[in-house]
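Structure at a glance
Below, each chain spelled out in residue letters.
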Amino acid sequence: MDTHEKFLEGGDTAEAVVPGNSAKSELLVRIHLRPIDEGVMPDEGRALKPEEVALLDAWVEGGAKWPKGVTLTERKPEAPKRVALPQKAPRSNIEAAAMLDDILRRENAGTGVVTTQTLNNAAFLRRSTIDLIGRIPTMNEVREYEGWGENRQTKLISKLSSQPRFADRWTVFMADMLRVRSNVTGGNQLLAYLHGSIEQKKPYDVLVRELISASGRANSNPAVGYILGDDAQPMELAAATAQIFLGVQIGCAMCHDHPFDDWAQKDFYDLAAFFGKTKKMESRRRGGSVYTTEGNEMTVLWPPEDKAETRDRKPVKPRFPFQLGHFEKTPHHIQRFEAVRLSQEQENSTDDNTASLDALLDSVEPNIGRPSDPVLEEAKKESQKLNVHGDLYRSSELRDQLAQLITDPRNDYFARAFVNRVWAELIGHGFVEPLDNFSDYNGLHHPTTLDFLAQEFIASGYDFRTLIRIITLSDVYRRSALPADTPFELREKSELNFAAAPSRRMLGEVLYDSIVVAGHLEDFKWPKGANNKQVSREIQIATGEFTMVEAGDAEKVTTMAGSPAMRGDGYDLESSLKIDFSSILSSKEQTELASMREKSNEQIKAEEMAAIQKDEQRKVMKYKTETITETVDDNPRFDSAMRMATPAPPAHFLRVFGQPARTGLGEFRDEASSLRQQLMMLNGRMTHEASRVGTLEPLHHLLKKDQDLAIDWAYQEILTRLPTPDEKSDARTIVDDHSQGMADLRWALINSNEFRFLP
Amino acid sequence: MSCNDYQINRRRILKTFSASLLGMPISQLLAQTTPNRAQAEHVILFWNSGGMSHLDTWDPKPGRKVQGEFNPIKTSVDGMEISEIFPQLAKQMHHGALIRSIAGTNGDHGRAQYELQTGFNQSPNIMHPGLGSLVVHEREPLGDLPALVSISGQPARAGYLGQQCEAYFVGRPGQKDPYLAFPEGISHARGMQRLQILEKMNARTSGEKGSKELKASQTALKDAVNLMESPALKAFELEDEDPKTVAKYGDTEFGRGALLARRLVEKGVRFVQVNRGGFDNHGNIFDAMRNHGAAMDPAIASLLSDLKANGMLSKTLVVVLSEFGRTPRINDGGGRDHWARCFSAMMAGGGIKGGSIVGASDEDGMAPAERPVKVSDLHATMCHALGIKQDKELFTPQGRPMRVVPKGATPIHELFA
C-alpha cells in the first residue's frame, strides 16, 4: 500500500480505495466500523479520531489524489520504554531473582495491572516439581518438603534442578525446539545427545556451536542429527538456524524480500551460503550409513533460480546479516562471562582431543570380501585431507565461523531468543510472541527484564540451570491466578504483563508421567497372577511349504508383516515404547518403532518386501492363520513417556495432548482441549489402572486402617494438598470404606481439571 | 510462494479479536456462509498415499509403449475407459467424473501431500488446515458424532484451526474403539456415577478460577460424555451390518473403511477420510496395482451404488485423490517413479455431473494436453460443491488473515450441471 499503484491495486478480497466512491472503498468501510467489530482498522493502537476519519472520507471522495513519486513507509511501532538496569552484578541466584522482580515491578508501574499474591507452599511444590522434573510430587517428596523449614522453596529449586529427571523433562523442551524426530536419520542419536548435554551441564553456547558445525555420522557424532534433520539443505538450515537460535524469521525472505520486516532476499542467501558446501552422503550399500561432509563447491548461487539463467548465477560469499553489539567498554556481564569461561577451560585439562586419522578410518565399516565401494573410497580420500587436530568431524570451516558468530556474547539475539522460550515455558507467556519472531515490527514488552535475564544467562557462561533457578526463585514465577470474576480485559492485561499467572496445562508427557506416579504404575502394584486375563489372538504360522503368489494372495502376505508387539485391544495408543539413550549411540535402529508407524509406511515396506521376496524366488512361504487363547497376566506397568520415540504416532495419547509433529518450522505445542483428550482420559487404560488400588500400594493398607487418613493421602498423592472439609465429607460417601470407592475417588481426582492444570 | 495467501497490505494482529466472545472465536460466530447452489453436505475422501499411477487407473494409454500390463475397459459412460483393475467401478462411472489434466508442481512426497491435502504449498511458520478440518470448520456439525473422522490413517492436521478441528481417528474400521466406552470392569452405572463425581469436583475448581482454558476443558468433557451416550455411536460398529454387505465391499480393511464411511455420513458425519498407502511403487507396480484394484474396486463401486440407492449420492461428494501420478515410462524395476507434471483424480456425487471428463493428457500421459487444472483448483471445486466461499477469510490464533484456497484457484465449473 506504499506506492500509488499498489494502493489502487487493492488486496486479495477487496479494493482498498475506489477514487471518488467512499462506499466501495474497503479502507473507509473499515475505519468506520466500531472498535468491537471484526475487521476494524486500525487494529492496533488508538482508533482514528472523527476528524481524521472525515479527512480520509473527503480525500477519497475528492478522487484520492496522490502526488507523483510519493512512497509511504511503514512507521515502526515505538521502541518499548526501558527502565534502568541494576548497576552491580548479583552475588547469588536469589539476589538475581530479587533484582528481576524489582525491574519487572518498575516496568509495570502505572500500567494498572493487578498483581496477585504468591502461591502457598503446597501449590509451589506442585508447580515447580511439574515444571522442573515433569511430574507431580510423590508422597515422600511432599513429606520431605513439609519437613524443611523456612527455606523450603529455595531448597526445593536446588534439589529439583539437580535431579536426573530434570534432564529428561528439559530434553522434551529441546526436542520441541530443535524439531527432533525419531524416524529421521540421526533423530534418536540427536535426542540422546541432547539428553546427555543437559545431564552433563554443557553450556548452551557450546551445545549450539556443536550442532551448527557438526559433521560426520550420527552414530559417532550425534550432533550431526541437527544437520541431517533438514537433509543438509542450505536454505532449510539457514531458515531453521536463524529462527531457532536467534528468534528471527529471516526464512520468510527465502523467496522474496521479507514482507513484514527489513530483511532482503539477498540477506537470506548470504546466510544460507554458510551451509552452502555441506553435503549429505549415503553409502550405496543397503543399510549403509548416512553422513555429512563438506564439498568443494558453493551450492548457494545468486540471483535466485527464478530470476536468472543458470550461467548467470554466481556463488554467494557467506556474510552474517545480523549486527553484533559494539561497546567502547566491555559490559560487566561479558567480563563475567569471560572469567567463567577462562576458569572452565583451565579446569578441562590440555588433553589431546584429537581423534586420530586411524580412528576415523576404523569407524568406517570395512568392505571385507566385497568390491570396494566408490563412495567409501571418496570418503576416505576426503578424510585424509582433513585437519587432524581438533574434532575431525567439525570439518566445515564455514559452519564453524557461523557457529562462532551466532553464539558470540555480543550477539543480542542469541541469548534473548533462548531466554524468551524458557521464560514462556515457565511463566506462560513470552516477552515476544510468537516466541521465535523478534522483529522491530513485532511488539516486545518488558525489554529491561528480558535484557537483565539475558545478561545474567550470558554471565553465568550460558548455564541452563542458572537461568532456570533465577526465574523460579523470583516472585514472578510464584504468582497465583486471578479470581474467576475478573473482567476479561483486566485478566488479559495482567497475565500478559506477568503480574498474574495464566492457566497452564501440563505437557502431554508430563500428564502421562503424572498419572503413572499418581497411580503407582512405575512398578507392579499387584502381585503375580492378580490380573490374569484370557486373551485370544490370531497368529500366522509358517507351514514350511511354498506357493506361487497370485494377485489376490499378495494382500494376505502384506498383512502378515504387521508387528506382533501390539496389545491388539486398541489401548496401544497409550503405550510407551522405551528407547534406551545409552545404547542408542552404539547400536542399531529400534525395530519396534516400525510397528507404530502409520499404516501407509507399514504397507509400503511390506509390499516392498513381498515384491523383493517374490522377485528373488517367485514363490512365497505359505502361512496358516490360527487363533490361540492364552492366559496373560495383564499386570499394569508404564514407563516414562519422556523416554519414548518422539514424536509419538499420530493418534497416541501424547499427540492428542499437543505434542507437535515437528515437521514444520515455527510449530509450537497446541494447548487446546479436545474431545479426544477427554475420551482418552475418561476411558483410557492408564487412568483406569492408576485409579485401581493395588494391593502392594501403601494406600491399600491405609484404607483398611483409617478411611479419613486414606482420603487425605489420596488427595496429597494426586493433588498435592489436603481436602477441604466439604470435599472430605463428599469423599467419605464416595469411598465408603471400599477400595472400589477409593478407586472411584482417585479416578475423579485424576480426571479433574485441577489435576492437569498447574496451580 | 504462499506468502501471497494473506493480504500483503497490512499485517493485522487482532490482539483483542484473537480473544473470544462466549468462548467461541469471533470469526466462527460471524461465519455466515451463503451457499452458492451448493449441494454437497458430506465428503468422503479416499486418500491414496504414495502417488497413485494415473496410467494404470484413470487414464489408460492403450497401444503406447507406456501402456503397461493393463488394458482399458469400457465403462457405463460412452467414450470413457478406465483401467481393467476396476471392473465393478467401471459400471458406476456414470456417477463419477474424471479429471485427467492436473498439473502439479511437487514431486516430493512431503511437499506434495501437504499441497494436495491443504491446497497450499508448505511455508515456514504457518500450518494450513487439511481439507477435512477446513470443511468441518465452515459447516456446522450435524448430529452427535464427531464432524471429521479419519479411518486407517491420519489426515493433514487442523493447523491454525486448532484442536477442535482435528480428526477423530479410527484405526481399525469396524472394530470397537475402547475409548468410547467405560473400561472393562466398570459397569455402566458405576461409570455414570464416576462422571457425576467428576462434574462436582470440576464445578468447584472452575467456579474458583474461571479462565477460558478451564471452560474449554469443561466443554470438551461435556462433548465427550454426550458422544459416549449417543446412540449414533452404533455407526462405528459393523457387527449389525448384513454380512453380505460386508462381503460386497470386500472383507479388507479398505472395504470395511468404505462401508464405515457410508454409515458415518448416513449418521451425519460431515467429512470422512479413508486412508490407504502402498502406492509408491518404484518397482513391481503391476502386481501392486492388481492388489490395489482388488481392494478398491468392490469398495468404491459398492459405496457409489449404495449412496445412490439410499438417496445420499447427490449430497455426498466422493473424491479419490493422491499426491501425484507416476512416470509413464516404466523403469528397470518394473515400476514407475514420481510424476507430478500430469496426473488424475476422480470425483463423484455432491452435485458433480456424472460421466464428465475434464481435461486430457497427451498421448503418453506425460503432460496436460487440454484444460490443465491446478491442484488448488481441485480444492476450489470441492469448496464450491460444499458452499464454502473461497474468498472467505480465516484467522490464525495470532490474528493473521488466511485465505480458504490460494489466490487464483478456480472451481472447475464444467463439473457442475
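Remember, it's a predicted structure, so these values are computed and weren't measured experimentally. Residue positions are given per chain, counted from 1 along the sequence in the order it is written. Key to labels: chains lettered from A, ligands numbered from 1, both in the order written. Per-residue local features are limited, in this predicted model, to residues with pLDDT of at least 70; the limit for side-chain atom pairs, both in listing and counting, is 80 or more; totals at the level of whole chains, interfaces and linings are taken over all residues. Water and hydrogen atoms were dropped before computing side-chain values, which therefore reflect all heavy atoms in the structure.

**Some words on the overall build of chain B**
Strands here are runs of E lasting at least two residues and helices are runs of H or I lasting at least four, both read from the DSSP assignment and numbered beginning at the N terminus. Regarding its fold elements, chain B presents 10 helices and 18 strands. Relative accessible area decides the class of each residue, using a 1.4 Å probe on protein chains only: under 20% of the type maximum gives buried, over 50% gives exposed, and in between gives partly exposed. Across the 417 residues of chain B, 62% fall into the buried class. Partitioning the intrachain contacts of chain B with sequence separation of at least 6 by distance along the chain shows that 74% fall at a separation of at least 24. As displayed, chain B has an accessible area near 15700 Å², and 51% of this comes from carbon and sulfur atoms. Here, two residues are considered to be in contact whenever any of their heavy atoms come within 4.5 Å of each other. In these tables, accessible area is a Shrake-Rupley quantity obtained with a 1.4 Å probe, and a residue counts as shielded only by the protein chains included in the view.

**What to know about the overall build of chain A**
Scanning chain A for helices and strands turns up 34 helices and seven strands. Looking at chain A as a whole, 52% of its 759 residues qualify as buried. Pairs at least 24 residues apart make up 73% of the contacts formed inside chain A by residues separated by at least 6 positions. For chain A, the exposed area adds up to about 35400 Å²; of that, 50% sits on carbon and sulfur atoms.

**Brief notes about the sheet that holds strand β3 (residues 290-294) of chain A**
Residues and elements named next belong to chain A. Whether two strands pair depends on DSSP finding at least two bridges between them. Spatially, three strands are ordered β1-β3-β2 in an open sheet, and the strand pairing comes out antiparallel. The open sheet has two edge strands with one neighbour each: β1 (216-217) and β2 (278-282). Relative to β3, β2 runs antiparallel, the two being bridged by five bridges. Directly across from E282, in β3, lies its bridge partner V290.

**Focus: the pattern of salt bridges**
A carboxyl oxygen of Asp or Glu within 4 Å of a side-chain nitrogen of Lys or Arg is what we treat as a salt bridge. Applying the stated criterion to the full structure yields 63 salt bridges over all chains. A salt bridge links D408(A) to R410(A); the nearest nitrogen and oxygen atoms lie 2.8 Å apart. Of the residues examined, D408(A) reaches a relative accessible area of 14% and is grouped as buried. Residue class for R410(A) comes out partly exposed when judged on its relative accessible area of 33%. Two residues, E138(B) and K392(B), come together in a salt bridge whose shortest N-O distance is 2.6 Å.

**Some remarks on the nonpolar core**
Throughout, nonpolar core names a set of buried Ala, Val, Leu, Ile, Met, Phe, Trp, Tyr and Cys residues whose side chains join them through atoms within 4.5 Å. Counting 120 residues, the largest nonpolar core has F653(A), M742(A), F46(B), W58(B), F236(B), L264(B) and M346(B) as the members making the most contacts within it. Tallying contributions element by element places helix α9 (residues 285-309) of chain B first for this core, with 11 residues. Once you skip the residues sitting within four places of it in the chain, M346(B) turns out to touch W58(B), L89(B), M93(B), G96(B), A97(B), L98(B), I300(B), L304(B), V318(B), V319(B) and V320(B).

**Quick look at the packing of aromatic side chains**
All names here are of chain A. Two rings from Phe, Tyr or Trp (for Trp, the six-membered ring) form a pair when their centres sit within 6.5 Å of each other. Planes less than 30 degrees apart are called stacked, planes more than 60 degrees apart edge-to-face, and all others tilted. Counted under the stated rule, the structure contains 31 aromatic pairs over all chains. Arranged with centres 5.7 Å apart and planes meeting at 75°, the rings of Y512 and F653 form a pair that is edge-to-face. Placement of the pair is Y512 in helix α22 (residues 508-518) and F653 in helix α27 (residues 653-656), with a sequence separation of 141 residues. F653 shares its class with Y512; the two are buried. Site record: aromatic cluster; members linked through ring pairs are F166, W170, F173, Y204, F337, F414, F418, F457, Y462 and F464. Two thresholds decide whether a charge sits over a ring: the Lys NZ or Arg CZ must be within 6 Å of the ring centre and within 35 degrees of the ring normal. For R127, the ring lying beneath its charged end belongs to Y477, and the centroid distance is 5.8 Å.

**Some remarks on empty space enclosed by the protein**
All names here are of chain A. Points on a 1 Å grid over protein atoms alone make up a cavity when a 1.4 Å probe fits among them but cannot get out, and a pocket when they form an open set with protein on both sides within 12 Å along at least five of seven lines; lining residues each have an atom within 4 Å of a point. Grid points are joined across faces, edges and corners, and a volume is the space filled by probe spheres set on the points. Tallying each qualifying case throughout the model produces eight cavities of 30 Å³ or more. Approximately 110 Å³ is the volume found for the largest cavity. Lining the largest cavity, in full, are M174, S197, I198, K201, K202, Y204, L207, F418, D463, F464 and R465. Every element with two or more residues in the lining of the largest cavity is listed here: α9 (187-199), α10 (204-213) and α20 (464-472). Of the residues assigned to the lining of the largest cavity, the class counts are six nonpolar, one polar and four charged. Each residue gets one of three labels, nonpolar for Ala, Val, Leu, Ile, Met, Phe, Trp, Tyr, Cys and Pro, charged for Asp, Glu, Lys and Arg, and polar for the others, Gly among them.

**Structural notes on the sheet that holds strand β3 (residues 42-48) of chain B**
Residues and elements named next belong to chain B. The strand order across the open sheet built from eight strands is β8-β7-β9-β3-β10-β13-β6-β14, with neighbouring strands paired in mixed fashion. Each of the sheet's edge strands pairs with one partner strand only, and the pair in question is β8 (168-170) and β14 (357-358). Summarising the sheet, strand β7 (residues 148-151) and β8 pair through three bridges and their orientation is parallel. Across the sheet, residue S150 finds its bridge partner in β8, namely F169. Note on method: axes are straight lines fitted to C-alpha atoms, helices fitted across the in-contact stretch only, with angles between N-to-C directions ranging 0 to 180 degrees. This element, helix α8 (residues 253-266), spans β3, β7, β8, β9 (271-276) and β10 (316-322) of the sheet and lies at about 175° to β9. Helix α10 (residues 375-386) contacts β3, β6 (96-102), β10 and β13 (343-348) of the sheet and is inclined by roughly 165° relative to β10.

**A look at the environment of M366(B)**
All names here are of chain B. Within the secondary structure layout, M366 lies in the loop between β15 (360-361) and β16 (368-370). Sequence spacing of M366 and H95 is 271 residues, and the spatial spacing of their C-alpha atoms is 27 Å. Not counting residues up to four positions away in its chain, the partners in contact with M366 are P328, W339, R341 and C342.

**A word on the environment of N411(A)**
All names here are of chain A. Take N411: it is sitting in the loop between α17 (397-406) and α18 (412-427). According to the relative accessible area criterion, N411 is buried, its value standing at 0%. On a C-alpha basis, the gap between N411 and A122 in space is 40 Å, while along the polypeptide they are 289 residues apart. Setting aside residues no more than four positions away along its own chain, N411 makes contact with L246, F320, L324, L405 and I406.

**A few points about the confidence of the model for chain B**
Residues and elements named next belong to chain B. Per-residue confidence from the prediction method is given by pLDDT, with values spanning 0 to 100. In the predicted model, chain B carries a mean pLDDT of 85, and the fraction of residues at 70 or more is 88%. Counting interchain partners and residues more than four positions distant, the pLDDT-below-50 stretch residues 1-36 has 83 contacts. Reported for the predicted complex are a pTM of 0.78 and an ipTM of 0.76.

**Overview of the side chain of N751(A)**
Mapped onto the secondary structure, N751(A) falls in helix α33 (residues 739-751). Residue N751(A) is classed as buried on the basis of its relative accessible area, which comes to 2%. Distance and chemistry together define a polar contact, namely a pair of N or O atoms within 3.5 Å, with one atom able to donate a hydrogen and the other to accept it when in protein, and with adjacent residues in sequence counting only for side-chain atoms on both sides. A polar contact of 3.4 Å, which involves the side chain of N751(A), links it to the backbone oxygen of M681(A). Ignoring sequence-local partners within four residues, the contact set of N751(A) consists of M681(A), L682(A), T687(A), R756(A) and L198(B).

**A look at the packing of α9(A) against α10(A)**
Residues and elements named next belong to chain A. It is at 11 Å that the axes of α9 and α10 come closest, and there the two elements cross at 160°. Between α9 and α10, the interaxial angle falls into the category roughly antiparallel. The interaxial crossing formed by α9 with α10 has right-handed handedness. Judged by residue contacts, L190, Y193, L194 and S197 of α9 engage L207, E210 and L211 from α10. A breakdown of the residues in the contact of α9 with α10 according to their chemical character gives five nonpolar, one polar and one charged. Roughly parallel means an angle under 35 degrees; roughly antiparallel means over 145; roughly perpendicular covers 65 to 115; every other angle is labelled oblique. Here is the rule for handedness: rotate from the far helix to the near one, and if that takes an anticlockwise turn smaller than a right angle the crossing is left-handed, while a clockwise turn gives right-handed.

**Some thoughts on helix α6 (residues 212-229) of chain B**
Since the α-helix advances by 3.6 residues per turn, residues separated by three or four positions end up pointing in the same direction. Each helix should span, by expectation, one fewer than its residue count multiplied by 1.5 Å. An ideal rise of 1.5 Å per residue puts 26 Å on 18 residues; α6(B) measures up with 26 Å between its terminal C-alpha atoms. If you check which residues of α6(B) are buried, you get L214(B), S217(B), Q218(B), A220(B), L221(B), A224(B), L227(B) and M228(B).

**Re the side chain of E141(A)**
Residues and elements named next belong to chain A. Tracing the sequence through the fold places E141 in helix α6 (residues 139-147). A polar contact is formed between the side chain of E141 and the side chain of R135, at a distance of 2.9 Å. In this structure, E141 is in contact with T129, R135, I136, K159 and Q163, ignoring residues within four places of it in sequence.

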